[in-house]
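Commentary on secondary and tertiary structure
Take a look at the letters that make up each chain.
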Amino acid sequence: PPQLPQASALASPHPPRPAAPSGAGASSPVSSVTHRSRVLSGSASQSSSSSPSPYRPSKSAANLVKAAAPRTAHSSPPFWYSAWFFLALAIMGLLCLVVAVFLVGLHADDTSAASTVSSSEGKEVTYGSVLKLMHDRTKFRLHSHDVPYGSGSGQQSVTGFGGVEDANSYWIVKSPKGSDFQQGEAVSDGSVIKLQHMRTRRWLHSHLHQSPISGNLEVSCFGSDDESDTGDLWMLEIEGNKRLWTRDRKFRLQHVDTGGFLHSHDKKYARIAVGQQEVCGVMKRTADNLWITAEGVYLPDRSLG
């Protein structure tokens, strides 16, 4: 009868391996495993010797990284960068110097003006002095300019000006033609004087024409160095019955021909001299007739020399 397979062979899931041939070429399973281990270890050692360690790069790789890295430029900036920088510094320094000189000059002007004012206080007003007349209540200066009135006489207008530094507010104190008073003599109360506008050389004048705003007596500038009449004469009336006209004394000027007092008030022009006060003549004494001398060049009293 045929033989049945053994139970161990039926229980194994893998078929039995064929027997290796006997002879010289045959090798045992142990020697085969040993050979494979040697081959794997040899290839692993060869691979480890040829490839660098991840923690220690080879010299050739370090050189490649160094060559590929961008180089930092250490060269100096172009010359014109430096030139523009120093030029800007020079311009800023020059501007600072100009501003400093301007401020020093302004301070010096203010100091000299203040010293002139303080040194002139209490000094006599003399013929030939060049000064400004300030309205006592409003502090506006007696002013004129080469702009004619649009009504009345059409002569050169006279106004009250609020600024201090305007050269059109200077007047020269003079004596009437034919009088015995000379330049440098003190002006006394009751003297008849003339006031010549320094810039236009015309005389402070009045007549019966009406003033543009209030309708009082018009005050204008008239004539020249060689032309003058009685409408240019004013009599000095010093407040407080003082004998001599001094800088710190209030005074009135009364027009000889019309009898009107030199006057100003808060009424201002809206067209020909915007913001400037009307100056006119009124027939009665009021607080708005009072004036005081201000900035100017006061000639010394020759009688004291």
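In this text the structure is predicted, and so the values were computed from the model without any measurement.

1. A few points about the overall build of the protein chain
Summing up its helical and strand segments, the protein chain has four helices and twelve strands in all. Burial analysis of the protein chain (305 residues in total) assigns 32% to the buried set. Expressed as a percentage of contacts within the protein chain between residues at least 6 apart in sequence, the contacts between residues at least 24 apart total 66%. When the accessible surface of the protein chain is summed, it comes to about 19,800 Å², and 60% of that surface belongs to carbon and sulfur atoms.

2. A few points about the layout of surface pockets
To find the voids left in a structure, one rolls a probe of water-molecule size over its atoms. Approximately 200 Å³ is the volume found for the second largest pocket. Along its surface, the second largest pocket is lined by Ser-175, Pro-176, Lys-177, Lys-194, Trp-203, Asp-225, Asp-226, Glu-227, Ser-228, Asp-229, Thr-230 and Leu-233. In the lining of the second largest pocket, the residues fall into three nonpolar, three polar and six charged.

3. Side note on the pairing of strand S12 (residues 291-297)
Among the seven residues that make up S12, six are buried, leaving the element largely enclosed by the rest of the structure. Pairing of strand S1 (residues 130-135) with S12 involves five bridges; the strand directions are antiparallel. Each bridged residue has a counterpart across the sheet, and for Leu-131 the counterpart in S12 is Gly-296.

4. Points about the nonpolar core
Grouped together as the largest cluster of nonpolar side chains are 26 residues, with contacts concentrated most on Leu-133, Leu-142, Leu-204, Trp-245, Leu-253 and Leu-262. Only S1, strand S4 (171-174), strand S5 (192-197), strand S7 (217-222), strand S8 (234-238) and strand S9 (251-255) provide two or more residues apiece to this core. Sorting elements by how many residues they give to this core places S8 first, with three residues. Setting aside residues no more than four positions away along its own chain, Trp-245 makes contact with Lys-123, Glu-124, Val-125, Leu-133, Val-173, Val-187, Ser-188, Ile-193, Leu-236, Ile-238, Phe-251 and Thr-293.

5. Examining the confidence of the model for the protein chain
For the protein chain, per-residue confidence averages 78 on the pLDDT scale, and 66% of positions sit at 70 or higher. Between residues 109-121, whose pLDDT stays under 50, and residues either more than four places distant or in other chains, the model counts five contacts.

6. As for the pattern of salt bridges
Applying the stated criterion across every chain yields a total of ten salt bridges. Among the salt bridges present, the one from Asp-288 reaches Arg-137, with a minimum N-O distance of 2.6 Å. Remark: Arg-137 occurs in the loop between S1 and strand S2 (141-148) and Asp-288 occurs in the loop between strand S11 (277-282) and S12; sequence separation between them is 151 residues. For Arg-137, a relative accessible area of 42% translates into the label partly exposed. A salt bridge links Arg-252 to Glu-239, with the shortest nitrogen-to-oxygen separation between them at 3.0 Å. Of the two residues, Arg-252 sits in strand S9 while Glu-239 sits in the loop between S8 and S9, which places them 13 residues apart along the sequence. Residue class for Arg-252 comes out buried when judged on its relative accessible area of 8%. Through salt bridges with shared partners, a single network forms among Glu-237, Glu-239, Arg-252 and Arg-285.

7. What to know about a nonpolar patch on the surface
On the surface, Trp-84, Leu-87, Ile-91 and Leu-95 cluster together into a nonpolar patch covering about 440 Å² of accessible area. Looking at where Ile-91 falls in the secondary structure, it is placed in helix H4 (residues 79-120). Residue Ile-91 is classed as partly exposed on the basis of its relative accessible area of 44%.

8. Describing a negative patch on the surface
On the surface, Asp-226, Glu-227, Asp-229 and Asp-257 cluster together into a negatively charged patch. Looking at the element boundaries, Asp-257 is found in the loop between S9 and strand S10 (261-268).

9. Considering unusual backbone geometry
You will see that Lys-139, though not glycine, has its phi angle at about 70°, which is positive. Here Lys-139 shows up in the loop between S1 and S2. Although it is not a glycine, Arg-201 sits at a positive phi angle of roughly 70°. Considering the arrangement of structural elements, one finds Arg-201 in the loop between S5 and strand S6 (203-210). Here Arg-201 falls in the partly exposed class, since its relative accessible area comes to 31%.

10. Topic: the packing of aromatic side chains
In total, this model carries two aromatic pairs according to the counting rule given. When the ring of Trp-245 is compared with that of Phe-251, the centres are 4.9 Å apart and the planes differ by 65°; the resulting orientation is edge-to-face. For Phe-251, a relative accessible area of 0% puts it in the buried group. Above the face of the Tyr-170 ring, Lys-132 is positioned so that its terminal group lies 4.6 Å from the ring centre. Over the ring of Trp-203 we find Lys-194, and its NZ or CZ is 3.8 Å from the ring centre.

11. What about the environment of Met-134?
Within the element layout of this structure, Met-134 appears in strand S1. The sequence separation of Met-134 and Ile-292 amounts to 158 residues, and the corresponding C-alpha distance is 5.3 Å. Excluding its chain neighbours within four sequence positions, the residues that come into contact with Met-134 are Lys-139, Phe-140, Arg-141, Trp-291, Ile-292 and Ala-294.

What counts and how
- Residues numbered from 1 in each chain as written.
- Predicted model: local features only at pLDDT ≥ 70, side-chain atom pairs only at ≥ 80, totals over all residues.
- Heavy atoms only, no water.
- Helix = DSSP H or I, 4+ residues; strand = E, 2+ residues; numbered from the N terminus.
- Buried < 20%, exposed > 50% of the residue type's maximum accessible area, 1.4 Å probe, protein only.
- Contact = heavy atoms within 4.5 Å.
- Areas by Shrake-Rupley, 256 points an atom, 1.4 Å probe, with all protein chains shown as cover.
- 1 Å grid on protein atoms, 1.4 Å probe; cavity = no way out; pocket = protein on both sides within 12 Å on 5 of 7 lines; lining within 4 Å.
- Points joined across faces, edges and corners; volume = space filled by probe spheres on them.
- Nonpolar A, V, L, I, M, F, W, Y, C, P; charged D, E, K, R; others polar.
- Pairing = 2+ DSSP bridges.
- Core = buried A, V, L, I, M, F, W, Y, C linked by side-chain atoms within 4.5 Å.
- pLDDT = per-residue confidence, 0-100.
- Salt bridge = Lys/Arg side-chain N within 4 Å of Asp/Glu carboxyl O.
- Patch = residues over 30% accessible without salt bridge, like charges linked within 9 Å, V, L, I, M, F, W, Y side chains within 5 Å.
- Lys, Arg positive; Asp, Glu negative; His and termini not counted.
- Charge placed at Lys NZ, Arg CZ, Asp CG, Glu CD.
- Phe/Tyr/Trp six-rings, centres within 6.5 Å; stacked < 30°, edge-to-face > 60°.
- Lys NZ or Arg CZ within 6 Å of the ring centre and 35° of its normal.

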